[in-house]
Amino acid sequence: MNYVILDLEWNQYSGNPAYSEPGLPFEIIEIGAVRLSDGLEMVSEFSRLIRPQVYTRMHSITGRLIHLQMQQLQSGDPFVDVYEDFKAWCGEEPFFCTWGSQDLTELQRNMRYYDLAPLSGGPIAYLDVQKLFAIAFDAESRQRRNLEEAVDMLGIPKDIPFHRAFSDAYYTALILKKIPNEVMAHCSYDVFHLPVDRDHEIHTVFDDHYKYVSRGFADKNHALGDREVRSTKCYLCGSSTQKQVKWFTTNNRHYLAVNKCPEHGLMKSKVRLRKSEDGQVYVVKTQKFIDNKEMQALRRKREHVKYQQSKEIKA
């Protein structure tokens with residue numbers, strides 16, 4: 001496995017965000033990365049500044065956070081040149097790792113702006129080390145810790161400053177080395193490019209849940225009408241299930257249901273509707289087994305939603 005721990009710094013329009021460049025809300029100004037071997041040993045480093053070509057004034061918050069001035073960026077190279085060097089440095093079939101879920105999306109957004117070939121024809125499996133850290137070391141808090149908090153919690157020496165692309169990639173790599181092997185199986189998916197058709201949709205079974213990512217649909221009604229989206233078959237054995245709590249929603253974006261598998265018990269299904277970069281609607285569905293207490297709580301929530309809806313109709 002060729003692990004590439006990636007971190008980016010970016011700038012944005014320094015005035016009203018509504019007037020920023022269409023299709024490029026954030027312009028990458030620095031790429032930092034560390035490459036790890038199969039054994040998670042550091043084997044190579046990458047660090048380059050990028051000369052801005054879209055936003056030539058530094059946003060005040062960006063400047064304070066990353067301690068870079070626009071004059072320093074003038075010594076950098078254009079994004080296309082830096083990206084091509086980065087791509088060559090990554091080697092064949094890199095497996096990306098990031099702190100959080102935004103870096104791969106912004107990298108691909110910048111690539112699209114410059115008409116570069118996509119990283120992939122569909123979703124990209126990657127490791128969100130921030131999520132893995134929470135699963136492994138901070139599950140009870142339900143928080144997403146920032147990078148420095150995680151470094152402090154693990155007692156990792158802070159020998160270089162934070163908030164630069166290479167240093168943040170370096171600290172992310174040190175955290176990744178401490179993640180237990182069983183937690184590393186919890187990969188994430190960047191869906192900047194959706195599955196192209198039903199055959200390429202994502203179906204992944206983790207140790208405690210199932211995840212499905214759909215292809216794109218023209219609108220919400222087409223998405224919710226799809227048989228795979230609405231399916232409540234048991235993800236472990238494929239058996240048909242009995243309805244316990246019918247599909248309902250509290251906000252018209254998230255839909256919930258509970259069904260019972262004869263062999264594996266109560267299973268909660270959750271459908272989330274999302275918009276893709278090109279305006280299509282797609283679905284992320286998760287399923288997991290729950291106890292009777294949680295099922296009863298969801299049943300009460302559904303009854304409350306029905307009651308509220310009936311009041312609105314009468315009004």
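Described in the following lines is the structure provided in the data block. (Residues numbered from 1 in each chain as written. Predicted model: local features only at pLDDT ≥ 70, side-chain atom pairs only at ≥ 80, totals over all residues. Heavy atoms only, no water.)

What to know about the overall build of the chain
Threshold: What counts as a helix is a DSSP run of H or I of at least four residues, what counts as a strand is a run of E of at least two, and both are numbered from the N terminus. Burial status follows relative accessibility: with a 1.4 Å probe on protein chains alone, a residue under 20% of its type maximum counts as buried, one over 50% as exposed, and anything between as partly exposed. Here a residue-residue contact requires only that any non-hydrogen atoms of the pair lie within 4.5 Å. Methods summary: accessible areas were calculated by the Shrake-Rupley approach with a probe of 1.4 Å, and residue burial reflects only the protein chains presented. Charge counting follows a simple rule: Lys and Arg are positive, Asp and Glu are negative, and His as well as the terminal groups are ignored. The atom standing in for a charge is NZ when the residue is Lys, CZ when it is Arg, CG when it is Asp and CD when it is Glu.
Across its full length, the chain holds 10 helices and 12 strands. Along the longest, intermediate and shortest principal axes, the C-alpha atoms of the chain span 65 × 45 × 35 Å. Each of the 315 residues in the chain was classed as buried or not, and the buried ones make up 49%. In the chain, of all internal contacts separated by at least 6 residues, the share reaching a separation of at least 24 is 61%. Surface summary for the chain: the accessible area is close to 16600 Å², and the carbon and sulfur share equals 47%. Within the chain, the 42 negative side-chain charges are centred at a point lying 13 Å from the centre of the 42 positive side-chain charges.

What about the packing of aromatic side chains?
Quick note on the threshold: Ring pairs shown here join Phe, Tyr and Trp side chains whose ring centres sit within 6.5 Å, with only the six-membered ring taken for Trp; geometry is labelled stacked below 30 degrees between planes, edge-to-face above 60, and tilted in between. Sitting over a ring, as applied to charges here, requires NZ of Lys or CZ of Arg to be within 6 Å of the ring centre and within 35 degrees of the ring normal.
By the definition in use, this model includes 16 aromatic pairs. Taken together, a centroid distance of 6.3 Å and an interplanar angle of 55° make the contact between Tyr13 and Tyr55 tilted. In this pair, Tyr13 sits in the loop between β1 (3-11) and β2 (27-36) while Tyr55 sits in the loop between β3 (42-49) and α1 (60-66), placing the two residues 42 residues apart along the sequence. Among the aromatic residues, those joined into a ring-pair cluster are Phe79, Tyr83, Tyr113 and Tyr114. Sitting over the ring of Trp89, Arg35 keeps its end group 5.0 Å from the ring centre.

Some details on the sheet that holds strand β4 (residues 95-98)
How we decide: One requirement defines pairing of two strands: DSSP has to find at least two bridges between them. Simply put, an axis is a line fit to the C-alpha atoms, just over the touching stretch for a helix, and the angle between two N-to-C directions goes from 0 to 180 degrees.
Strand order in the open sheet made by the 6 strands is β3-β2-β1-β4-β5-β6, with mixed pairing throughout. At either margin of the open sheet sits one strand with a lone partner, and together these are β3 and β6 (188-190). With strand direction ignored, the average angle separating the axes of adjacent strands in the sheet is 35°. Relative to β4, β1 runs parallel, the two sharing 3 bridges. Its bridge partner lying in β4, Tyr3 is registered against Phe95. The sheet contacts of helix α3 (residues 79-90) involve β1, β2, β3 and β4, and relative to β3 the element is tilted by about 175°. Along the sheet, helix α4 (residues 103-113) makes contact with β1, β2, β4, β5 (124-128) and β6, crossing β1 at roughly 65°.

Quick look at the environment of Asp128
To keep things clear, this is the line we draw: Whenever two N or O atoms come within 3.5 Å, that pair is a polar contact, provided that in protein one can donate a hydrogen and the other can accept it, and provided that, for residues adjacent in sequence, both atoms are side-chain atoms.
For Asp128, the location among the structural elements is in strand β5. The class for Asp128 is buried, based on a relative accessible area of 3%. Other than its neighbours up to four places away in sequence, Asp128 contacts Thr98, Trp99, Gly100, Ser101, Arg144 and Ser188. Only 3.1 Å separates the side chain of Asp128 from the backbone nitrogen of Gln130, close enough to count as a polar contact. Within polar-contact distance, the side chain of Asp128 engages the side chain of Arg144 at 3.2 Å.

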